[in-house]
Amino acid sequence: EVHLVESGGGLVQPGGSLRLSCATSGFSFSSYWMSWVRQAPGKGLEWVANIREDGGETYYVDSVKGRFTISRDNANSSIYLHLKSVRADDTALYFCARAKRGYSGFDVSEYWGRGTLVAVSS
Amino acid sequence: DIVMTQSPDSLAVSLGERATINCKSSQSVLYSSNNKNYLAWYQQKPGQPPKLLIYWASARDSGVPDRFSGSGSGTNFTLTITSVQAEDVAVYYCQQYFSNQYTFGQGTKLEIK
């Protein structure tokens, strides 16, 4: 069974940094694109970033470019999101998600974790 | 980036009636080389992560009831729920995965009248 579990969220001051993790199991991790999607309290979904199977391609929403970095560790079946220079509008529940198909290129997210909450406040 | 606009923002439907949600993209999400529309629909219930319903604009994901269907091509898409059930109360999102910056619509809240 596919499992994705996010961790690392918490309260961070504006301008600070944080690293989110997503531990996965139940599938061949190195075969799938992975994504981060966030949801501000009471708001809609916002795709944040994704990363290719081998980590060789990464893409970001414009609002986080230069501040967030997505990475992966295929040996440990995990992805990460490094947040720096955080702002109040980065406050959100951050989900990690797995592409539906392996070696698929751009694809929908079929499996999701339950999210980890990041709160940016002084 | 491709902007996704859903309509309506909310709708109330009686049990057993049809619900229709529209999604318009600011540019075509139809990839000519494979004739596939890179458009998905998700359902999100309170306190839960999103659930994939439809991909390639009209392909129902495994286990999704057949009362859910997707249609459309290019820039205009529709999610239809025939015979709405109480468990369908949720927010529904369209998403394009055509460009290297995926984008979601703002969401449509479905309630029971």
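Trainee: I tried to follow the nonpolar core on my own but got confused; where do I start?
Mentor: The nonpolar side chains of a soluble globular protein tend to be buried with one another. Counting 48 residues, the largest nonpolar core has Trp-36, Leu-81, Leu-83 and Tyr-94 of chain A as its most contacted members. For this core, the element with the most residues is strand β9 (residues 92-99) of chain A, which contributes 6 residues. Formed by 23 residues, the second largest nonpolar core is a distinct cluster that contains Ile-21, Val-64, Phe-77 and Ala-90 of chain B.

Trainee: Hey, could you run me through the side chain of Asp-107 of chain A in this one?
Mentor: Among the secondary structure elements, Asp-107 of chain A is positioned in the loop between β9 and β10 (109-112). Looking at Asp-107 of chain A, its side chain comes within polar contact range of the main-chain nitrogen of Arg-101 of chain A, at 2.8 Å.

Trainee: What am I meant to see in the interface of chain B and chain A here?
Mentor: By a frequent convention, interface size equals the accessible area lost on bringing the separate parts together. Every contact between the two is made by 21 residues of chain B and, on the other side, 24 residues of chain A. Across the contact surface, chain B and chain A share 1 salt bridge. Of the charged contacts, one joins Asp-61 of chain B and Lys-100 of chain A as a salt bridge, the two residues approaching to 2.6 Å between their closest N and O atoms. At the boundary of chain B with chain A, the tally comes to 8 residue pairs in polar contact (both at pLDDT 80 or more). Looking at the side of chain B that touches chain A residue by residue, the class counts come to 13 nonpolar, 7 polar and 1 charged.

Trainee: For this particular structure, what's the right way to read the environment of Ser-21 of chain A?
Mentor: Residue and element names in this part refer to chain A. Along the chain, Ser-21 falls in strand β3 (residues 18-25). The exposure class assigned to Ser-21 is buried, which follows from its relative accessible area of 15%. Between the C-alpha atom of Ser-21 and that of Ser-7, which follows or precedes it by 14 residues, the distance is 5.3 Å. Apart from residues lying up to four places away in sequence, Ser-21 is in contact with Val-5, Glu-6, Ser-7, Trp-36, Ile-79 and Tyr-80.

The rules behind each value
Residues numbered from 1 in each chain as written. Chains lettered and ligands numbered in written order. Predicted model: local features only at pLDDT ≥ 70, side-chain atom pairs only at ≥ 80, totals over all residues. Heavy atoms only, no water. Core = buried A, V, L, I, M, F, W, Y, C linked by side-chain atoms within 4.5 Å. Buried < 20%, exposed > 50% of the residue type's maximum accessible area, 1.4 Å probe, protein only. Helix = DSSP H or I, 4+ residues; strand = E, 2+ residues; numbered from the N terminus. Polar contact = N/O pair within 3.5 Å; in protein donor to acceptor, adjacent residues only side chain to side chain. Contact = heavy atoms within 4.5 Å. Salt bridge = Lys/Arg side-chain N within 4 Å of Asp/Glu carboxyl O. Nonpolar A, V, L, I, M, F, W, Y, C, P; charged D, E, K, R; others polar.

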